[in-house]
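# Fold and contact review
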Amino acid sequence: MSSRPVIGMATQSLDPIPGKLPLCWVMGQRYVRVLAAAGAVPLLLPLLHGDEETLRLTYERLDGVFLTGGVDVDPACYGEPRHERCDRADVARDWVELALVRWALADRKPLLGVCRGIQLINVACGGSLYQHVPDEYRSPVKHDCFPSATQQYTRDYLAHPVRVDAGTRLGRLLGDETPVNSMHHQGIKRLAPGLRASAFAPDGLVEGVESKNGHYLVGVQWHPEELAEAHAPQRRLFTDFLAAAGAFHGR
């Protein structure tokens, strides 16, 4: 039996391309590779919407859950009408990831979320989101540094610093400040009960959360998988998570 922890991550729906591709499930390779390099056995989870029995049986084989970036969380998940600038959602992915987080909370199974992942954790725990930060959280800080034909950013572009609270898990891993990339247009609005905000952008927007009760739950708003190779503190986010998952594996 391998001692490497098994880490599950949900995929994302890819719309069909007529005459070329049927409906597919996909996930970026960078997430998988950074976990494997850190010592995990990554497991991509299909979005079997509504099939709770199969999802639960899969979940029970996991030592930890990793929540990646992706499309917007459907605002129906936190009981708000859709903002005109809210992008498309993936209902099947929302259903799968909300179930995974709630089960992991109940079992105290380690959780790590990045970008959309921190937002999904906050929603699963009872919080809400800004659906379009530029409209709802006006600030001089640019959070949506997406690579595109019109915006010449790279995925590892360090957009702004993040202040990290001392005495928190993120503080022990990252120090009191760290530069981060920033590729999001949504963010935490109402922080969920049971979560502690532990990192902040220069404008005060929440950039990191963790559990108040000692459960290994960490969420960050940036994309550390794009920075891990060149920045040792960002690698520690993954090695620390896998240490917790390994301890859960050994119980």
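Overview of the structure. (Residues numbered from 1 in each chain as written. Predicted model: local features only at pLDDT ≥ 70, side-chain atom pairs only at ≥ 80, totals over all residues. Heavy atoms only, no water.)

### A word on the overall build of the protein
Along the backbone of the protein there are seven helices and 13 strands. Here the C-alpha radius of gyration of the protein, 17 Å, is about what a compact globule of 251 residues would show, namely 18 Å. Once the C-alpha set of the protein is aligned to its principal axes, its extents read approximately 50 × 50 × 35 Å. A buried classification covers 52% of the 251 residues belonging to the protein. Considering only residue pairs separated by 6 or more positions, the protein has 69% of its internal contacts joining residues 24 or more positions apart. A total accessible area of about 11300 Å² is found for the protein, and carbon and sulfur atoms account for 53% of it. (Helix = DSSP H or I, 4+ residues; strand = E, 2+ residues; numbered from the N terminus. Rg over C-alpha atoms; globule rule 2.2 N^0.38 Å. Buried < 20%, exposed > 50% of the residue type's maximum accessible area, 1.4 Å probe, protein only. Contact = heavy atoms within 4.5 Å. Areas by Shrake-Rupley, 256 points an atom, 1.4 Å probe, with all protein chains shown as cover.)

### Observations regarding the sheet that holds strand E9 (residues 177-180)
Sheet strands pair by backbone hydrogen bonding; their relative direction is either parallel or antiparallel. Pairing within the open sheet is mixed, and its nine strands lie in the order E4-E1-E5-E6-E13-E12-E11-E8-E9. In this open sheet, the two strands that pair with only one neighbour each are strand E4 (41-45) and E9. On average, each strand axis in the sheet is tilted by 25° relative to the strand beside it, whichever way the strands run. As paired strands, strand E8 (residues 160-164) and E9 are joined by four bridges and run antiparallel to one another. By the bridge assignment for E9, arginine 163 is matched with glutamate 177. (Pairing = 2+ DSSP bridges. Axes fitted to C-alpha atoms, helices over the stretch in contact; angles between N-to-C directions.)

### Overview of the environment of glycine 250
Looking at the element boundaries, glycine 250 is found in the segment after helix H7 (232-249). Of the residues examined, glycine 250 reaches a relative accessible area of 60% and is grouped as exposed. Residues glycine 250 and valine 91, 159 residues apart in the sequence, show an inter-C-alpha distance of 34 Å.

### Observations concerning the layout of surface pockets
Looking at the largest pocket, its volume works out to about 280 Å³. Gly70, Val71, Asp72, Phe146 and Met183 are, among the 17 residues lining the largest pocket, the residues nearest its centre. Partitioned by chemical class, the residues of the lining of the largest pocket number five nonpolar, seven polar and five charged. By volume, the second largest pocket is sized at about 150 Å³. Around the second largest pocket sit Arg30, Arg33, Val34, Ala37, Glu225, Glu226, Ala228 and Glu229, which together line it. Among the residues making up the lining of the second largest pocket, the classes are represented as three nonpolar, no polar and five charged. (1 Å grid on protein atoms, 1.4 Å probe; cavity = no way out; pocket = protein on both sides within 12 Å on 5 of 7 lines; lining within 4 Å. Points joined across faces, edges and corners; volume = space filled by probe spheres on them. Nonpolar A, V, L, I, M, F, W, Y, C, P; charged D, E, K, R; others polar.)

### Structural notes on the environment of leucine 45
Mapped onto the elements, leucine 45 comes out in strand E4. The class for leucine 45 is buried, based on a relative accessible area of 2%. Taking the C-alpha atoms as reference points, leucine 45 and methionine 27, separated by 18 residues in sequence, lie 9.7 Å from one another. With near-sequence residues (within four places) excluded, leucine 45 lies in contact with Gly8, Met9, Ala10, Thr11, Thr58, Leu62 and Leu100.

### Some points on the packing of aromatic side chains
For the coordinates displayed, the defined rule picks out six aromatic pairs. Look at phenylalanine 66 and phenylalanine 238: their rings are 6.0 Å apart centre to centre, the planes differ by 80°, and that puts the pair in the edge-to-face class. One end of the pair, phenylalanine 66, is in strand E5 (residues 64-67); the other, phenylalanine 238, is in helix H7, with 172 residues separating them in the sequence. Of the two residues, phenylalanine 66 and phenylalanine 238, neither departs from the other in class, the shared state being buried. Considering the side-chain rings of tyrosine 130 and tyrosine 137, the 5.3 Å spacing of their centres and the 55° angle between planes classify their relative orientation as tilted. Of the residues examined, tyrosine 130 reaches a relative accessible area of 15% and is grouped as buried. Site record: aromatic cluster; members linked through ring pairs are Tyr31, Phe66 and Phe238. Positioned above the aromatic ring of tryptophan 103, the side-chain terminus of arginine 56 is 4.9 Å from the ring centre. Between the NZ or CZ atom of lysine 109 and the centre of the ring of tyrosine 59, over which it lies, the distance is 3.7 Å. (Phe/Tyr/Trp six-rings, centres within 6.5 Å; stacked < 30°, edge-to-face > 60°. Lys NZ or Arg CZ within 6 Å of the ring centre and 35° of its normal.)

### With respect to the state of the cysteines
If you walk through the whole model with that rule in mind, you get zero disulfides. For the unlinked cysteine cysteine 77, the closest cysteine sulfur is that of cysteine 86, found at 10 Å. Take cysteine 77: its relative accessible area is 28%, and that puts it in the partly exposed class. (Disulfide = S-S within 2.5 Å.)

### Side note on a nonpolar patch on the surface
On the surface, a cluster of nonpolar side chains totalling about 270 Å² of accessible area is made up of Leu14, Ile17, Leu21 and Val26. Residue position: leucine 14 is located in strand E2 (residues 12-14). (Patch = residues over 30% accessible without salt bridge, like charges linked within 9 Å, V, L, I, M, F, W, Y side chains within 5 Å. Salt bridge = Lys/Arg side-chain N within 4 Å of Asp/Glu carboxyl O.)

The analysis is restricted to geometry; functional conclusions fall outside its scope.
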